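Structural description and commentary
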Amino acid sequence: MRSDNIFIREYIETLKEDRELDALFPLLLSVMGFRIVTTAKESKGQNQYGKDIIAVGKDGEGKEWRYYFELKGQKDKDITDKNYSISDGVRESIVAAKDTAFSDRSIPGFDTLPVKIIFVHPGTVKMSVRPTLDGFIAKEFKEGEFERWDIYKLTDLFSEHLFNEYLLTDEQSVRYFKRTLALLDEPEYKFIDFKNLVDIQIEKIGDRFTGREFQKFFATQHLLCHVIHRYAKDADNLEPAKVCLTYLLLKTWAWILRFKKENDTKVRREFDKLVGVHYLMLVEYFQKTLSLASEYNGLFSPGGQYFERVGYHLSI
């Protein structure tokens, strides 16, 4: 396996179902050519009946399907004896997806398309439960009606359609990206590699606001936001995410203003998605620092007290 693929696999394995896998997976589907009908975010708080994401797309042979994607992550990323049969576990989620109808008359021909269920989990199937799972799938589904995308399948898909296609496309970008992740939590690091990485992406896109290059640019921006946010949370230090995501957002907006595209509906729709990711990061940041910020000289002191030099980084 290539070193880039090892990095991608390690990153995917850390994704949580809530907000992280849910947010990044639709991006993957979009660049693969799927038409997204509903997402987990839109169904938040409602029973999704094994349908975190519903989409329309074609398989490798060109046949069009209704796709029902069920996502499991973090503690449920591996299929085991324990989570296979519990309430809201693997078996129950698959049965719910199969038995609960979903209709959308606003999409011509949608209700007559055949259904394919995809169970997505960034892990593996434990050997102790594999015969039971295989027997259940063989009994419940005809050929082609069910697929399981595990960590190996997801690594290949993310590598082909997102990272290697959109982000890891030149040696300089790869170098800046890896240095950013390696140094992200260093106290004195100024994130110059990340800033250079963002600048390269903006330089490469130039004045192209249509077509595949436009899609490629915003896919890269989304990936950078999600990856930096994820690594900052893992380090229990959201300061790097605050600095990096803010820089990316402002540089992207400056690029839009430079070419007077701020009123372009398509451009604003993509930019607003970046704003949404930035907003969620700031909510987490302020929730984490509010108690300290409420203290006198808690986050800043013009006198440069000892606590600010040492405790500030530890508290974030």
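Placed above this text is the structure.
Here goes a summary of the coordinates provided. If you're wondering where the values come from, they're calculated on a predicted model, not measured in any experiment.

1. Overview of the overall build of the protein
Along the backbone of the protein there are twelve helices and five strands. Here the protein holds 316 residues, and the buried ones make up 46% of them. Partitioning the contacts of the protein with sequence separation of at least 6, the portion at a separation of at least 24 is 69%. Here the protein has roughly 16,400 Å² of accessible surface; of this, 51% comes from carbon and sulfur atoms.

2. Observations regarding helix α4 (residues 90-99)
For α4, every residue scored as buried is listed here: V90, S93, I94, A96 and A97. For α4, the buried positions fall inside an angular range of 160 degrees around the axis, keeping them on one side. Packing partners of the buried residues in α4 comprise β3 (64-71), α3 (81-85), β4 (115-120), α5 (130-140) and β5 (146-149).

3. Observations concerning the pairing of strand β2 (residues 53-58)
Counting buried positions along β2 yields five of six residues, so the element is predominantly enclosed. The pairing of strand β1 (residues 35-38) with β2 spans three bridges and is antiparallel. Bridged to R35 within β2 is V56. Remark: five residues form the turn of the hairpin made by β2 and β3, two consecutive strands paired antiparallel; G62 in that turn has positive phi of roughly 90 degrees.

About the cut-offs
- Residues numbered from 1 in each chain as written.
- Predicted model: local features only at pLDDT ≥ 70, side-chain atom pairs only at ≥ 80, totals over all residues.
- Heavy atoms only, no water.
- Helix = DSSP H or I, 4+ residues; strand = E, 2+ residues; numbered from the N terminus.
- Buried < 20%, exposed > 50% of the residue type's maximum accessible area, 1.4 Å probe, protein only.
- Contact = heavy atoms within 4.5 Å.
- Areas by Shrake-Rupley, 256 points an atom, 1.4 Å probe, with all protein chains shown as cover.
- Arc of directions from axis to C-beta.
- Pairing = 2+ DSSP bridges.

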